[in-house]
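A closer look at the structure
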Amino acid sequence: MTFDELKQAVAAGEVDTVLVCFVDMQGRLMGKRFHAGHFINGAYEETHCCNYLLATDLMMATPDGYESTSWERGYGDYVMKPDLTTIRPMPWLEGTVMVLCDVLDHHTHEEVPHSPRSILKKQIKRIEAMGFDAKMATELEFFVFAKSFDEIRRGGFRDLEPISGYNEDYHILQTSREEHIMRPIRNHLWNAGIPIENSKGEAETGQEEVNIKYDAALNTADYHTIAKHAIKEIAWQQGHAVTFLPKWHQDKVGSSSHVHQSLWKDGKPAFFDPDDKLGMSALMKNYMAGMLKYAPDYTYFMAPYINSYKRFMKGTFAPTRIIWSVDNRTAGFRLCGDGTKAIRAECRIPGSDMNPYLAMAGMLAAGIAGIEEGLELQEPSVGDVYQGDTGMIPGNLQSARDILHGSKMLRAAFGDDVVNHYTRAAEVEIEEFERVVTDYEVSRGFELA
Ligand code: ADP
């Protein structure tokens, strides 16, 4: 929707509310609900928010230790600058449209370096300066529950009952029983201008997946964020909870968000070479070699919480190793569309809790490093790659945090301030988890310790 179309819709009385949003560190939409009249009269230029919003944890606490903002610095303002190319209807909410904002420094009006959208834009600029367009797609997995968010929270998040009683991978019968949720999700997102390809049942009880057509990297991250938000809201409207927690139960498979990617030059797929035995161009081999070499460096951005690491379990379709293979779902990286123009690299490490801007920026930075260093790609692994213990994905958040902190590649690509900011975010998660006494410890040790 263009700004002019918005003005017409407001004049016609079709739109009365504009959600002015930005994306926080956790990949969530934060912002304000504007009266549409006020938005088109002036607020479209800019609005403001408290700068603690890019330094919170999931629960909106204000942990200390961030250089950019603190109690001592008085928690000032950021400028939220609407990107008017992102105006779109939110058809599941009456009379409502939304716009995404870039986050700017209040005084200089420069982009805030640790804002997720700005981090991705910086890496996109680098690949564009090399003459390429990055196209990406994310695949969103999540679980749907019989009860609502409020019922589940009031029940202390216990006795969680998925909406179905059996593995519904590609299942038409079971997914028909979820159409009161999934059909509005597909249709509303489509009508919001998000190119939904399909939804499908996934390989667990109550697990669904939504596929969105690949697009320019920034659009893909925007689509992912809006779709995730819409899925939560539409499920809530239908009286159900959904979760994007990557591992909500140790005996269930986890939820991922695989990222597909390819580089293009002048509208042609630059990853394709018909003369190569798999159809991979030299450029693609360098890029993939970079993604593999530096995967530990950006693992934090694909798995940002304590829980994220519980997904990496053998025999669950989640990867455990940083290796690549051809159309093999047990590896961290999978070559898809080999021998065709649709050739692409799928990174299977990210969980459904990733912030897509950060994960995609990490992958791009690694791929760029692979091209710049002229890295050679090893031969693909074959067979069940769960068997083997080389190239393991960092095993927990502490290890991913330490590797991120020491990453020369990411410090050069993102800047020291950004790496330090997110290293602190990882520490906050670890410190809080270490402080809290969990149900697990109590039930294991209460009588028997
Ligand atoms: P899968 O076997 O993983 O289900 P799909 O055929 O459903 O594979 O494609 C997965 C995703 O890959 C889709 O979102 C699709 O839009 C995306 N995709 C297809 N071609 C490309 C490409 N050249 N670059 C990036 N993503 C692509």
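What you are looking at is a predicted structure, and each value in this text was computed from that prediction instead of being measured. (Residues numbered from 1 in each chain as written. Predicted model: local features only at pLDDT ≥ 70, side-chain atom pairs only at ≥ 80, totals over all residues. Heavy atoms only, no water.)

It is worth spelling out the overall build of the chain at this point. A tally of helices and strands in the chain yields 14 helices and 16 strands. Scaling as 2.2 N^0.38, a compact globule of 449 residues should have a C-alpha radius of gyration of about 22 Å, and the chain matches this with 22 Å. If you line up the chain on its principal axes, its C-alpha atoms span 60 × 60 × 50 Å. When each of the 449 residues of the chain is scored for burial, the buried share is 57%. Taking all contacts inside the chain whose residues are at least 6 apart in sequence as the whole, residues at least 24 apart take part in 72%. Total accessible area on the chain stands at roughly 20000 Å², and carbon and sulfur atoms take up 51% of it. Seen as two clouds, the 46 positive and the 65 negative side-chain charges of the chain have centres 2 Å apart. (Helix = DSSP H or I, 4+ residues; strand = E, 2+ residues; numbered from the N terminus. Rg over C-alpha atoms; globule rule 2.2 N^0.38 Å. Buried < 20%, exposed > 50% of the residue type's maximum accessible area, 1.4 Å probe, protein only. Contact = heavy atoms within 4.5 Å. Areas by Shrake-Rupley, 256 points an atom, 1.4 Å probe, with all protein chains shown as cover. Lys, Arg positive; Asp, Glu negative; His and termini not counted. Charge placed at Lys NZ, Arg CZ, Asp CG, Glu CD.)

Moving on to the domain arrangement of the chain. Per the domain assignment, the segments making up the chain are domain 1 (3-112) and domain 2 (123-440). Between domain 1 and domain 2, the contact holds 24 residues from the first and 25 residues from the second. Approximately 2100 Å² of surface area, both sides summed, lies buried where domain 1 meets domain 2, with 62% of it carried by carbon and sulfur atoms. Looking only at domain 1, the three residues that lose the most surface to domain 2 are M25, R88 and W92, adding up to 34% of its buried area. (Domains from an automatic or database assignment. Buried area = accessible area lost by both parts, 1.4 Å probe.)

The next thing to look at is the pairing of strand β6 (residues 96-105). Regular strands place their side chains on alternate faces of the sheet. Across the 10 residues of β6, nine count as buried, placing the element largely inside the fold. For strand β1 (residues 17-23) and β6, the ladder comprises five bridges, and the chain directions are parallel. Residue pairing in the sheet places V18 in a bridge with V97 of β6. In the sheet, strand β4 (residues 77-82) pairs with β6 via five bridges, with the strands oriented antiparallel. Residue pairing in the sheet places P82 in a bridge with C101 of β6. Across two bridges, the pairing between strand β5 (residues 88-89) and β6 is antiparallel. From the neighbouring strand, P89 faces β6, where its bridge partner is V97. Hairpin connection, β5 to β6: the antiparallel pair is bridged by six residues, and G95 has positive phi, about 60°. (Pairing = 2+ DSSP bridges.)

This brings us to the layout of surface pockets. Taken as a whole, the largest pocket encloses approximately 2600 Å³ of empty space. As for the largest pocket, its lining consists of 49 residues, and the residues nearest its centre are L58, F157, T243, L245 and N307. Within the residue set of the lining of the largest pocket, elements represented by two or more residues are β2 (29-35), α4 (149-154), α7 (217-237), β11 (242-243), α13 (416-435) and α14 (439-445). If one sorts the elements of the lining of the largest pocket by residue count, α7 sits on top with six residues. Partitioned by chemical class, the residues of the lining of the largest pocket number 24 nonpolar, 10 polar and 15 charged. When we break the lining of the largest pocket down by domain, the ones giving at least three residues each are domain 1 (3-112) and domain 2 (123-440). Taken as a whole, the second largest pocket encloses approximately 690 Å³ of empty space. E139, E209, H260, R334 and E346 are the residues nearest the centre of the second largest pocket, which is lined by 38 residues in total. Listing elements by their share of the lining of the second largest pocket, those giving two or more residues are β7 (133-144), β8 (196-201), β9 (207-212), β12 (259-265), β15 (333-336) and β16 (344-347). (1 Å grid on protein atoms, 1.4 Å probe; cavity = no way out; pocket = protein on both sides within 12 Å on 5 of 7 lines; lining within 4 Å. Points joined across faces, edges and corners; volume = space filled by probe spheres on them. Nonpolar A, V, L, I, M, F, W, Y, C, P; charged D, E, K, R; others polar.)

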